[in-house]
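# Observations on the three-dimensional arrangement
Next come the chains, spelled out residue by residue.
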Number of protein chains: 2
Amino acid sequence: MKIFTIFVALCPLLFSLSLANHDSFNSHVLPRPLILEYPNGNGGVESDEQLLELQCNSWRFAVEANNVNPWTTIPAECADYVKNYLMGRPYRMDLDQVSNEASAFAKSVHLGDDGKDVWVFDIDETLISNLPYYADHGYGLEVFDHMEFDKWVEKGMAPAIEPSLKLYEEVLALGFKVFLLTGRSEQHRNITVQNLMNVGFKNWDKLILRAADDHGKTAIVYKSKKRDEIVKEGYRIVGNSGDQWSDLLGSSMSMRSFKVPNPMYYIP
Amino acid sequence: MKIFTIFVALCPLLFSLSLANHDSFNSHVLPRPLILEYPNGNGGVESDEQLLELQCNSWRFAVEANNVNPWTTIPAECADYVKNYLMGRPYRMDLDQVSNEASAFAKSVHLGDDGKDVWVFDIDETLISNLPYYADHGYGLEVFDHMEFDKWVEKGMAPAIEPSLKLYEEVLALGFKVFLLTGRSEQHRNITVQNLMNVGFKNWDKLILRAADDHGKTAIVYKSKKRDEIVKEGYRIVGNSGDQWSDLLGSSMSMRSFKVPNPMYYIP
C-alpha cells in the first residue's frame, strides 16, 4: 500500500519531465535560463543563479560520464562554474576520490611474480596540471591554441597533481611497473622528463610519446595501438588512469580504469 | 609573466591537496566531516552541511564515471543528498541531458539501407523507473532484497522515464531497430512486456532477458555475450543506453554509449 502511495505521488513528477524541461539544457548552445518555478528537493524554488549552477553541474556530469562527446569549448554560461570548480574544493575532492578508489583497487590486486603487471598513466591533467595555463585562457572557454599551449609545455613548469603523485608512488611500491602514455610528441620528451622529475615523478618504466607516424591519429586510436603493443610484449595492463575517455577506452583496455576529472577540454 | 604569476599563485593550492584532504572522503566508510576551514571558489567557507553536499556530489561523480566499483549501498551520510537529487530537479536535468546528447548523436548517424542499425536499451532505470520501489527502501541505503524487488517487478507498475521514451521514439523514427537487453529473467517476460507497453514503449525488435543458463553470470559478461550474438547476426550496434557501466562496457561495444544516471545501486 505504501509503495502504491509513493508510486502515485511520483507519477506526476516522472510523467511531467518532458514537459517541464522542454527547453532543456544543451551543452553546445547557450540556453536561456528555465523560468518555470519548479520545487527542488528541499521544497524550495531555485533562483536563476542556482538553476545555472545545477545546469552546469549536470553538464559536468555528462562530460565525466562520456555522454557529451565531442565538444570544443565549455558552455559560455558555465565559465564561472568551471573556474569555481577548478579553483575551489570540489576539484580537489574529486581528485582525492579517484586517487583513493584507484589505490584501494591497486592494493586488492594479487600481482604476478614475473614483473608484468602494469599501471598506465596519462600525463597532462592526470599526473601534472596545466591549470596555470588554462587559468590564463578562460579555463576551457577559449578554443585550444596548439602553438600557445606548446610554449607553456616547453616551460616545463606544470605542477604535480598531488593525489595522483600519491597513487603513483603507491602503485610503484606495490610492485606495479608504471608506463606513461601521453599525447605529447617525441619532440617534447626531454622537457616532459624534466618537468615530471622536478615535481616528484620517478622510476617509470616506459615513457611513450607520439612518434612522427602517430601524428594525425586520434588519441583513442594511438593509445589503443600502444596498449596493444604493451600487451603483445606480455604485460598485463591492470590499471589505467586518465582524464580523457580516449585514454581509457578502445582496445587492450585495462582491468580497471580511473577517470580523472577534467571539465576544461575534450580530446577524441 | 602573467602565466608565471598564476602558476605561483596556484602552486600552494595544488601542492597542499594531499595535506588538506588527508582525511579525504571514502565512499565505503563513513568519514567524519572535514573540519578544516578551506576557502571555496567563491571566497567563502563551507558549513558542515555544504561540505557534506560537496562530498556526496563528488561521490556521485565518481559513481557516474565508474571510479567507485563495486559498491553495495550508498554512503549513509549521503542518504538525504541522494533522495534530494532523485526527487528534485537535478536528476531530471541529467536525464534530459543524456537523452538530448543521445538524440543529437542518433540524428548524426548515416544509417545503412539494410535495416541492420541497432540501438540497444537497458530497461530498469533506463526506460522505466523503479524509483517508487527505492523510495520505499531508502533510495539505495538498504541492501538489495531480491525477493522484495521481484514483488515490485511483478506489479508491472514502473513508470516511464520520459526523456528516455522521447529518445526511444526518436531512434525508432530515424529507422534504428530497437533491442531491449535486460538483466531481468525470462520468467518476467510477460509482466515486463505489459509494463513497457502500458507506459508507452512499443515496436522493439528484440527483448532479450536472462535465460536459465545466464543466471550466475555477471551483467557485463551476460550482456557482452548477447551483444556478441547480435553482432554475429550482422547487426551494427550504433547506440547503447544504460544506467550501469555493465550495460555499456565489455565486448561488442556500441559506437557510442550513453550512461543514464543512477546513484541508487551498482550492478557488476
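Fair warning: this is a prediction, and the values are worked out from it, not measured in the lab. (Residues numbered from 1 in each chain as written. Chains lettered and ligands numbered in written order. Predicted model: local features only at pLDDT ≥ 70, side-chain atom pairs only at ≥ 80, totals over all residues. Heavy atoms only, no water.)

## Concerning the overall build of chain A
Selection rule: The secondary structure listing takes helices from DSSP runs of H or I that are at least 4 residues long and strands from runs of E that are at least 2 residues long, numbered from the N terminus. For every residue, the accessible area obtained with a 1.4 Å probe (protein chains only) is divided by the maximum for its type, and the residue is called buried under 20%, exposed over 50%, and partly exposed between those limits. For the area figures, the Shrake-Rupley method with a 1.4 Å probe applies, and any residue is considered shielded solely by the protein chains shown.
If you tally the helices and strands in chain A, you get 11 helices and five strands. Residues counted as buried form 57% of the 268 residues belonging to chain A. A total accessible area of about 11100 Å² is found for chain A, and carbon and sulfur atoms account for 56% of it.

## Quick look at helix α8 (residues 162-174) of chain A
Residues and elements named next belong to chain A. Definition in use: The span expected for a helix works out to 1.5 Å for each residue beyond the first.
Compared with an ideal rise of 1.5 Å per residue, which puts 13 residues at 18 Å, α8 spans 18 Å between its outermost C-alpha atoms and is within 8% of the ideal. When we look at burial in α8, the residues that qualify are Glu162, Pro163, Ser164, Leu165, Leu167, Tyr168 and Val171. In the stretch just after α8, Gly175 is the one whose phi turns positive, near 110°.

## Re the pairing of strand β3 (residues 206-210) of chain B
Residues and elements named next belong to chain B. Stated formally: Strands qualify as paired when DSSP identifies two bridges or more between them. When the strands point away from the viewer and the path from the first strand over the helix to the second turns clockwise, the crossover is right-handed.
With respect to burial, β3 is a largely interior element, four of its five residues being buried. Bridge count for strand β2 (residues 177-185) against β3 is four bridges, and the pairing is parallel. Within β3, the position partnered with Ser185 by the bridge is Arg210. Of the crossover connections in this fold, the one passing from β2 over helix α9 (residues 189-198) to the parallel β3 is right-handed.

## Here we look at the sheet that holds strand β5 (residues 256-259) of chain A
All names here are of chain A. The line we're drawing: The axes are straight lines fitted to the C-alpha atoms, using for helices just the contacting stretch, and the angles between their N-to-C directions are given from 0 to 180°. We call two residues contacting when some pair of their heavy atoms lies within 4.5 Å.
Spatially, β3-β2-β1-β4-β5 is the arrangement adopted by the five strands of the open sheet, whose pairing is parallel. Either end of the sheet is taken by a strand with one partner, and the two such strands are β3 (206-210) and β5. Strand after strand, the sheet turns through a mean of 20° between neighbouring axes, direction not considered. Relative to the sheet, helix α10 (residues 219-232) contacts β2 (177-185), β3 and β4 (236-242), its axis offset from that of β2 by approximately 150°.

## A closer look at the packing of helix α3 (residues 48-64) of chain A against helix α5 (residues 89-108) of chain B
What counts is decided by this rule: Note that the term roughly parallel is reserved for angles under 35 degrees, roughly antiparallel for angles over 145, roughly perpendicular for angles of 65 to 115, and oblique for everything else. By definition, any crossing whose near helix is turned counterclockwise from its far helix by less than a right angle is left-handed, and any crossing with a clockwise turn is right-handed. Ten residue types, Ala, Val, Leu, Ile, Met, Phe, Trp, Tyr, Cys and Pro, are classed as nonpolar, four, Asp, Glu, Lys and Arg, as charged, and the remainder, Gly among them, as polar.
Where α3(A) contacts α5(B), the axes come no closer than 9 Å and their chain directions differ by 50°. Classified by the angle between their axes, α3(A) and α5(B) sit oblique to one another. Considering the relative orientation of α3(A) and α5(B), their crossing is right-handed. Counting all contacts with α3(A), which are made through A:Leu51, A:Leu54, A:Gln55, A:Ser58, A:Trp59, A:Phe61 and A:Ala62, the residues of α5(B) involved are B:Arg89, B:Pro90, B:Met93, B:Asp94 and B:Gln97. Considered class by class, the residues forming the contact of α3(A) with α5(B) number seven nonpolar, three polar and two charged.

## Comments concerning the state of the cysteines
All names here are of chain A. Short version of the rule: Any cysteine sulfur atom paired with another within 2.5 Å is treated as part of a disulfide.
Under the criterion given, the structure shown has two disulfides over all chains. Here Cys56 is linked by a disulfide to Cys78, with a sulfur-sulfur distance of 2.1 Å. Between Cys56 and Cys78, the disulfide has an S-S torsion of -90° and is therefore left-handed. Placement of the pair is Cys56 in helix α3 and Cys78 in the loop between α3 and α4 (79-87), with a sequence separation of 22 residues. Here Cys56 and Cys78 have matching classes, each one buried.

## Remarks on the pattern of salt bridges
Residue and element names in this part refer to chain A. Here is the rule we go by: Salt-bridge detection follows one rule: a side-chain nitrogen of Lys or Arg within 4 Å of a carboxyl oxygen of Asp or Glu.
In the structure shown here, the tally under the stated rule is 30 salt bridges over all chains. The shortest N-O distance in the salt bridge between Lys226 and Asp214 comes to 4.0 Å. On the criterion of sequence distance, the pair formed by Lys226 in helix α10 and Asp214 in the loop between β3 and α10 is long-range, its members being 12 residues apart. Here Lys226 and Asp214 have matching classes, each one buried. Taken together, the shared-partner salt bridges in this structure form one network comprising Asp214, Lys217, Lys225, Lys226 and Glu229.

## Some remarks on the packing of aromatic side chains
Spelled out, the test is: Two rings belonging to Phe, Tyr or Trp (six-membered ring only in the last case) form a pair when the distance between their centres is within 6.5 Å. Interplanar angles under 30 degrees mark stacking, angles over 60 mark edge-to-face geometry, and anything in between is tilted. Cation placement over rings: the criterion is NZ of Lys or CZ of Arg within 6 Å of the ring centroid and within 35° of the ring normal.
The tally for this structure, following the rule as stated, stands at 34 aromatic pairs over all chains. A ring pair is formed by A:Tyr134 and A:Tyr265, whose centres lie 5.2 Å apart and whose planes are at 25°; its orientation type is stacked. Taken as a pair, A:Tyr134 in helix α6 (residues 131-135) and A:Tyr265 in the segment after β5 lie far apart in primary sequence, 131 residues in all. Exposure class is identical for A:Tyr134 and A:Tyr265. Each is buried. Here the aromatic residues A:Phe105, A:Trp119, A:Phe121, A:Tyr168, A:Phe176, A:Phe201 and A:Phe258 are joined through ring pairs into a cluster of three or more. Over the face of the ring belonging to B:Tyr85 we find B:Arg60, whose NZ or CZ atom lies 3.8 Å from the ring centre. Positioned over the ring face of B:Phe179 is B:Lys206, at 5.4 Å from the centre of the ring.

## Overview of the confidence of the model for chain A
Residues and elements named next belong to chain A. Stated formally: Here pLDDT means the predictor's own confidence in every residue, given as a number from 0 to 100.
With 83% of its residues at a pLDDT of 70 or more, chain A has an overall mean of 88. Confidence, expressed as mean pLDDT per element, reaches its minimum in chain A at helix α2 (residues 17-20) with 35 and its maximum at strand β1 (residues 117-121) with 99. In this model, residues 1-43 is a region of pLDDT below 50 whose contacts with residues beyond four sequence positions or in other chains number 83 contacts.

## Let's talk about the sheet that holds strand β4 (residues 236-242) of chain B
Sheet strands line up and pair through hydrogen bonds in the backbone, either parallel or antiparallel. Residues and elements named next belong to chain B. Strand order in this open sheet of five strands is β3-β2-β1-β4-β5, and the pairing throughout is parallel. Unpaired on one side and paired on the other, β3 and β5 (256-259) mark the two borders of the sheet. With strand direction ignored, the average angle separating the axes of adjacent strands in the sheet is 20°. The pairing of β4 with β5 spans four bridges and is classified as parallel.

## Brief notes about the side chain of A:Asp124
Residues and elements named next belong to chain A. As a reminder, the rule being used: In the analysis that follows, any N or O atom pair within 3.5 Å is treated as a polar contact, provided that within protein one partner can donate a hydrogen and the other can accept it, and provided that, for residues neighboring in sequence, both atoms belong to side chains.
Structurally, the position occupied by Asp124 is in the loop between β1 and α6. According to the relative accessible area criterion, Asp124 is buried, its value standing at 11%. A distance of 2.9 Å separates a polar atom in the side chain of Asp124 from a polar atom in the side chain of Asn130. Separated by 2.7 Å, the side chains of Asp124 and Arg184 make a polar contact. Every residue in contact with Asp124, bar those within four places of it in the chain, is listed here: Asn130, Phe149, Thr182, Arg184, Asp243 and Tyr265.

## Points about the packing of α3(A) against helix α3 (residues 48-64) of chain B
Where α3(A) contacts α3(B), the axes come no closer than 9 Å and their chain directions differ by 35°. The chirality of how α3(A) crosses α3(B) is right-handed. Where α3(A) abuts α3(B), its residues A:Asn57, A:Arg60, A:Phe61 and A:Glu64 lie against B:Asn57, B:Arg60, B:Phe61 and B:Glu64. Here the residues of the contact of α3(A) with α3(B) sort into two nonpolar, two polar and four charged.

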